[in-house]
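Fold and contact review
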Amino acid sequence: MPRNNRPRRRAGDGDEESDLTHLLAGWKRVEHRRDGDWNVQPVSGASAVKEYVCPGCGLVVAPGVAHLVTWRADGVLGDTADLAARRHWHSHCWRIGA
């Protein structure tokens, strides 16, 4: 029987947190708007488990509804402050630039 030289990956190998970070970073993008640069990250309906208030329309972003999370990419107070000030928007509200 021929020998297989490829390494086998087992479930549990590797750092799960860094794998998740890598996956999430692939979806995150930077958008340039009138008021500056914004990090925009989509949240799938399956991942949306909490209720938020959309700053665009003032209505609830219900659990199970796909939406966007945004935070400043060019804030002067640093990344920690920008992440703490992130907001959850309906995709439509963000798109129309509320």
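Below is a summary of the structure that appears in this document.

Reading guide: rules and limits
- Residues numbered from 1 in each chain as written.
- Predicted model: local features only at pLDDT ≥ 70, side-chain atom pairs only at ≥ 80, totals over all residues.
- Heavy atoms only, no water.
- Helix = DSSP H or I, 4+ residues; strand = E, 2+ residues; numbered from the N terminus.
- Buried < 20%, exposed > 50% of the residue type's maximum accessible area, 1.4 Å probe, protein only.
- Contact = heavy atoms within 4.5 Å.
- Areas by Shrake-Rupley, 256 points an atom, 1.4 Å probe, with all protein chains shown as cover.
- Pairing = 2+ DSSP bridges.
- Axes fitted to C-alpha atoms, helices over the stretch in contact; angles between N-to-C directions.
- Core = buried A, V, L, I, M, F, W, Y, C linked by side-chain atoms within 4.5 Å.
- Polar contact = N/O pair within 3.5 Å; in protein donor to acceptor, adjacent residues only side chain to side chain.
- Phe/Tyr/Trp six-rings, centres within 6.5 Å; stacked < 30°, edge-to-face > 60°.

Okay, the overall build of the protein next. Helix and strand counts for the protein stand at 3 helices and 6 strands. Looking at the protein as a whole, 21% of its 98 residues qualify as buried. Expressed as a percentage of contacts within the protein between residues at least 6 apart in sequence, the contacts between residues at least 24 apart total 50%. Carbon and sulfur atoms make up 55% of the accessible area of the protein, which totals about 7,700 Å².

Glancing now at the sheet that holds strand 5 (residues 67-72). Strand order in this open sheet of 4 strands is 1-2-5-6, and the pairing throughout is antiparallel. Single-partner strands in this sheet number two, and they are strand 1 (29-33) and strand 6 (87-89). Between one strand and the next, the sheet's axes are offset by a mean angle of 35°, whatever the strand orientation. Bridge analysis of strand 2 (residues 36-43) against strand 5 gives 6 bridges, and the strand direction is antiparallel. Bridge pairing in strand 5 places Gln41 opposite Val69.

Right, let's talk about the nonpolar core for a bit. With 8 residues, the main nonpolar core is built from Trp38, Val40, Cys54, Val61, Leu68, Trp89, Cys93 and Trp94. Mapped onto this core, the elements with two or more residues apiece are strand 2 and helix 3 (91-95).

What follows covers the side chain of His88. Relative to the helices and strands, His88 resides in strand 6. Here the side chain of His88 touches His67 through a polar contact of 2.9 Å, side chain to side chain. Setting aside its immediate chain neighbours within four residues, His88 contacts Tyr52, Val53, Cys54, Pro55, Val61, His67, Leu68 and Val69.

Let's shift gears to the packing of aromatic side chains. Applying the stated criterion across every chain, the model contains 2 aromatic pairs. Where Trp38 meets Trp94, the ring centres are 5.9 Å apart and the plane angle is 75°; that geometry is what we call edge-to-face. Linking Trp38 in strand 2 with Trp94 in helix 3, this pair joins segments that are 56 residues apart in sequence. Ring geometry for Trp89 against Trp94: centres 5.1 Å apart, planes inclined by 75°, an arrangement best described as edge-to-face.

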